[in-house]
Amino acid sequence: MLKKSILNVAIPTPVKSLFDYSVNSESKIKPQIGQRIQVPFGNKKRLGFIHDISSSSKVSKSKLKPFLEIIDEAPIVDSETRELIKWCSNYYHYPIGSVYSTAVPKYLRDLKYPNNIEHKAFMGVAEERKILTKAQKKALKESEKYLKNNNVLLLNGITGSGKTEIYMRLIEKELELGRQALFLVPEIGLTPQTANVLTARFGDLVNIIHSGTSPKTRAAVWVAAQKGLAQLVVGTRSAVFTPFSSLGIIVVDEEHDQSYKQQNGLMYSARDLAVVKAKKLNAKLILGSATPSFESFFNVKNKKYNTVEINKRVFSTPLPENKIIDLRLHPITKGLTKPLIKDITKQLGKNKQVLIYLNRRGYAPLTMCEDCGHIEDCPRCDTSLVLHKKINLLKCHHCAYQKTQPPLCSECGCNNVIVGKGTQQLEEGLRDQFPNEEILRIDRDTTRSQKKRELAMELAHSGEAKILIGTQMLTKGHDFPNLSMVAIINADQGLFGSDFRSSELFAQHYLQASGRSGRRNERGLVVVQTHNPNHPLLKKIINNNYKSFFDDSIKERINHLWPPFYGAALLRAEATNKTKVFEFLSKISRFGETLKNQKTLFLGPVSSPIERKLGKHRGQILLLNKNRKKLHSTLNQVILFIEKNDINKGVRWIIDVDPIDMS
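Bear in mind that the values here come from a model prediction, so they are computed numbers and not experimental data.

Counting buried residues in helix H2 (residues 96–103) gives seven out of eight residues, a clear majority hidden from the surface. Taken residue by residue, H2 has Ile96, Gly97, Ser98, Val99, Tyr100, Ser101 and Ala103 as its buried positions. Contacts from the buried residues of H2 go to strand S1 (6–10), strand S4 (44–54), helix H1 (79–92), helix H3 (106–109) and helix H7 (215–226).

Structure, rendered in structure tokens:
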């Protein structure tokens, strides 16, 4: 038998393959799979990871170079994490070295290593457990039954039903058995709230990972979890790559949230990777939501997942009352109608808090000449510039281009008018109506730093700010004890989207937003402003029948061959030259016609909905197949065709598997 002496090294490059190196006889450290290693790469020295060790190579022995240095005495990437990285590379058709770059903390990739890692053992809960309601007791018992066999569990509980308490009971059970737990949240804004709740229960066992965590701390949590010294890790998307020595349970809270899907580079879904990770580590997995994704509902329908439902709130208050304001009958000024102002005034008179929801930041999405109709567009993207009135700037929300707002039309010199509403205009209107109230706007413009985000959330949760204005980031899993009313300013914005997921997203945003109101002793109120009060989707959602909405919608998805019934992948291409984009995509489309045995549909090529972005012309092909294995087989053949025929000169292309954003 040949001695295994060829190191297969993953190096962060656009090349999908591993790179082979021979053993350096001068090395004092024995090569092991999972170690960091420095290797010669061209004329440079590069960091890599020993992904495998084999006995032969396609490269001739005379051309193999020896590695330069092994960094670690022992592997820092364990076999389970290596398997997850390998799966991720294959499923998302992404270079394996670049997957390592996403998975392994930057501090470790910078050849550093955290020392003095403290072991915090579980010594029991830090605070007294809450008394479970009858509905929670039943849900907990059913959850334990399904999780006994490590089946994936969808915990489908309405907003305010106490899902977090069930998570904590199940986590506690695993910690008592000496196992570890991973708790995923979709947004950094939710991390402090979740961490506070978990810290109150489990003390200083809680370890936090998110984009605001320092590189050294992130690496320390990674190493501690791998060694079994960190027992409870709470984090956003990338925390799913954290290695564990004895992982007992994973919780994916708000599993429907699109923030779990990375939108550039390695476009992975942390929720889907959690399913793979749990299976590989034989760990329990709970996906929790009041508005589950269609993918998870579909997996329940096909008996791949089990589900437990909680249809009653922890507090005895019923679900909020719904009220429709017909915008055909009531004029709107800066986003507000007279009936809405009256409802807000009534709630403030009771010393209650109000949330005004509008999923569009800035002052106005469009600046247009009232005479010639010229629209102030971004010169680099096919989209209009958004007015940010306070700073007198027109900004592109896609490429960050900005310019001073011109006082007159740049084409004909006549007056400009603003069209549409954003959260800034809404804030201005509310300040005009309620000058003596504490008004707080929470969107990406006001919470760019962690400090600003934490301060804003503190004001919101304390009830000090009586009127909250926000985009969808304010509706995600937050518990505002004194909030009694939610107003949805423009329901039509969500009712008439062009994407096949538009209705699903609207339903989720609507129910998540409305679920913030009346979560204590008084029934809440949800006010909806719309030009379409009789829209069937709106009626169904107002009746809180999300499951019925899914049952109807999935039939349409099946009829139109859309996910989750069909597997999907989007092949995007961009270049400064539009002709090159479509020549490239047309060649792929024609190649797709030769793969009829795969039964993969090639839809396109078409221009992307935002055809030009950052000065690049963009086009795409959507690939659909009911059989996911055949879809991936097709993608492999497409990639091989591109690489073999070298057809992508001057064109940048990428594959997005299970896309959620078609723009």
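This part takes up the pairing of strand S21 (residues 467–470). Burial of the side chains of S21 extends over both faces: Ile467 and Ile469 are buried on one face and Leu468 and Gly470 on the other. Relative to S21, strand S14 (residues 353–357) is paired through four bridges, and the arrangement is parallel. What sits directly across from Ile356, in S21, is Ile469. Across four bridges, strand S20 (residues 439–442) lies against S21 in parallel orientation. In the sheet register, Arg441 faces S21, and the bridge partner there is Ile469. Handedness of the crossover joining S20 and S21 through helix H12 (residues 450–462): right-handed.

On to the packing of helix H5 (residues 163–176) against helix H6 (residues 191–202), then. Two numbers describe how H5 lies on H6: the axes approach to 11 Å, and their chain directions differ by 45°. In terms of axis orientation, H5 runs oblique to H6. Regarding H5 and H6, the two cross each other, and that crossing is right-handed. Counted together, Thr164, Glu165, Met168, Arg169, Ile171, Glu172 and Leu175 of H5 and Val197, Leu198, Arg201 and Phe202 of H6 form the full contact between these two elements. Counted by class, the contact of H5 with H6 contains six nonpolar, one polar and four charged residues.

Once that is clear, we can look at the pattern of salt bridges. Following the criterion strictly, the structure yields 33 salt bridges and no others. The salt bridge partner of Lys352 is Glu522, with a shortest N-O separation of 4.0 Å. Of this pair, Lys352 sits in the loop between helix H10 (338–349) and S14 while Glu522 sits in the loop between helix H14 (502–514) and strand S23 (525–530), and the two are 170 residues apart along the sequence. In this structure, Glu504 engages Arg557 in a salt bridge whose closest nitrogen and oxygen atoms are separated by 2.8 Å. Highlighted residues: Glu504 in helix H14 and Arg557 in helix H16 (residues 546–559), separated in sequence by 53 residues. Given a relative accessible area of 4%, Glu504 falls into the buried group. The class for Arg557 is buried, based on a relative accessible area of 4%.

Our next topic: unusual backbone geometry. Omega for the bond connecting Pro563 with Pro564 falls within 30 degrees of zero, at 5°, which places this linkage in the cis form. For Pro564, the position within the fold is in the loop between H16 and strand S24 (567–575). With an omega of 15°, the peptide bond between Gly604 and Pro605 qualifies as cis. Among the structural elements, Pro605 can be located in strand S25 (residues 601–613). Here the phi dihedral of Asp646 falls at roughly 50°; this positive angle occurs in a residue that is not glycine.

Each value, and the rule that gives it
- Residues numbered from 1 in each chain as written.
- Predicted model: local features only at pLDDT ≥ 70, side-chain atom pairs only at ≥ 80, totals over all residues.
- Heavy atoms only, no water.
- Buried < 20%, exposed > 50% of the residue type's maximum accessible area, 1.4 Å probe, protein only.
- Helix = DSSP H or I, 4+ residues; strand = E, 2+ residues; numbered from the N terminus.
- Contact = heavy atoms within 4.5 Å.
- Pairing = 2+ DSSP bridges.
- Right-handed = clockwise from strand over helix to strand, strands pointing away.
- Axes fitted to C-alpha atoms, helices over the stretch in contact; angles between N-to-C directions.
- Parallel < 35°, antiparallel > 145°, perpendicular 65-115°, else oblique.
- Left-handed = near helix turned anticlockwise from the far one by under 90°.
- Nonpolar A, V, L, I, M, F, W, Y, C, P; charged D, E, K, R; others polar.
- Salt bridge = Lys/Arg side-chain N within 4 Å of Asp/Glu carboxyl O.

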